[in-house]
Structures are given as structure tokens and as C-alpha cells.
Amino acid sequence: MKKLSVILFGICLFMAVPAKAQFDFGIKAGLNFSEKPSNIKGIKDGHTGWYAGPMLKLIAPGIGLGVEADALYSKSGVSIGKDVYEKNSIEVPVYLRWEVRIPVIKKFMMPFVAVGPQWGYTFGEKEFGEVENWEDLKDFTGKYLKFNESCFSLNAGLGFVLFDHVQLHVNYNIALGQTCEYFGVENLNFSDEFKTIKSKSNIWQLSVAYIF
């Protein structure tokens, strides 16, 4: 059902863009401000990372409605106490985008809103720490964290295009599934069954792009 919903959403995005849409290519870079993962104790702050990559947008002339698709290398992560676990991923957001073209100022500043799904694929090191025996952890004093190989999320944000070329964008990325699994001394309770904590983390993003 989820796959069907994603396919239908993609079809609706492209149906919303007329054949004479304006095509633009750009380069985007920005910062990831990860919120504290849910359910994990011992976390005082979020984690700051970055991302960069190409972007494409197709915008209908006149009405300013269209789509944007990016292919981004992203570095995010989780900070637990003094331990930092970093994640490398390829993120592919697809936005339904509406540029508000106010006649008097559109050559200088054009506000826009953008919403849509995002697919993420983790590569490189995904697992940190090791637990050899899940049945007997009374002497366990380490920490174990594993990032999901793939993540699906939803974006919602707004921004401005300045002088037709420079774009500023503030975005909120909402995790719709699990981000990582964690097991550490903070959550040991020997009266309960030992399990990893399944957690998700949302991300605030701030980016700048140059549109050619």
C-alpha cells in the first residue's frame, strides 16, 4: 500500500507540471540539524551535519507551480554523551513546489513553499559497537548503534529565490519510519527483556543553492 501511495504521489506531481514548464539546474548545499532521537536516554543535544548535491526543477510559466528533485550526499548522525555516531547517505527529496510570483518584486525576490517525500540510502559504516551474547548482558558496559539501510521521510519548507539565481531554503524533514536501533548501559534494566531501542530523528535543514 505504501509503494502504491508513493507511485500515485509521483504521478500527481508530474501531472501538475505543464509540458511547457521551465527547466532549471542548480547546485545545493546546506546544514543538517538533527533533533534528539526519540526514546534514547543520555542525549542532551542534537547533531549537526551537512549535505550537498545537484538539484533540478520544472516550473510552469505564469502560475509558478512545479516540481523539484535533488540528489544529495548527506552527513548526519547521533550524539550520545561523548560518543558521536555519523551516518553517510544519499538523499533523494522530491518536492511539489509553488513559487509565488508577485509582479513588482519577482525579479528580485520570489518566495516559495515546497512539500514532498524523501528517500534515503545509507552507505559505508552503519553499525557501531558489538554485542556478542544478547542472552547474558549483565557484564555489558558498552554501546551498540545501527543505522537503517534506508529511510523514508516527508519534507515541508519555505524559502526565497533572489535575483533568479540564489535560493535560500528552510526545511523540516519528518522521519516516517525508524532511523536507528540503539542499545547502551543507559537503558539496562535487568528485570526486563533486553532489547534494542528503535528510534527516529527529525531534521531541520538550512540550505543555499545557485540556479544556473
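All figures in this text were calculated on a predicted structure; none of them were measured in a lab. Counting from 1, residues in each chain are numbered in the order their sequence is written. Note on the predicted model: pLDDT of at least 70 is required for a residue's local features to be given, and 80 or more for side-chain atom pairs to be given and counted; whole-chain, interface and lining totals, by contrast, use all residues. Computation of side-chain values covers all heavy atoms of the structure but excludes hydrogens and water.

### Some details on a nonpolar patch on the surface
The criterion, for reference: The patch calculation keeps residues exceeding 30% relative accessible area without a salt bridge and links them within 9 Å when they carry like charges or within 5 Å when they are nonpolar (Val, Leu, Ile, Met, Phe, Trp, Tyr). We get accessible surface area from the Shrake-Rupley algorithm with a probe of 1.4 Å; when it comes to residues, only the shown protein chains can shield them. Salt bridges are defined by distance alone: a side-chain nitrogen of Lys or Arg within 4 Å of a carboxyl oxygen of Asp or Glu. Numbering of helices and strands runs from the N terminus, with a helix taken as a DSSP run of H or I at least four residues long and a strand as a DSSP run of E at least two residues long.
Judged by side-chain polarity, Phe23, Phe25, Ile27, Leu56, Val166, Leu168, Val208, Tyr210 and Phe212 come together as a nonpolar surface patch covering roughly 800 Å² of accessible area. Counting residues per element, the ones that place at least two in the nonpolar patch are strand 1 (22-34), strand 10 (166-175) and strand 13 (203-211). Ranked by residues supplied to the nonpolar patch, first place goes to strand 1 with 3 residues. Topologically, Phe212 is positioned in the segment after strand 13.

### Comments concerning the environment of Trp204
This is how it is decided: Relative accessibility under 20% of the residue-type maximum defines a buried residue, over 50% an exposed one, and the middle range a partly exposed one, all with a 1.4 Å probe and only protein chains included. In what follows, a contact means two residues having at least one pair of non-hydrogen atoms within 4.5 Å. Residues adjacent in sequence count toward polar contacts only when both atoms are side-chain atoms; beyond that, a polar contact is any pair of N or O atoms within 3.5 Å, and within protein one must be able to donate a hydrogen and the other to accept it.
Topologically, Trp204 is positioned in strand 13. With a relative accessible area of 42%, Trp204 lands in the partly exposed category. Spatially, the C-alpha atoms of Trp204 and Ser34 are 6.3 Å apart, while their sequence positions differ by 170 residues. Once residues within four sequence positions are removed from consideration, Trp204 is found in contact with Leu31, Asn32, Phe33, Glu35, Val170, Asn171 and Tyr172. Within the structure, Trp204 has its side chain in polar contact with the side chain of Glu35 (distance 3.2 Å).

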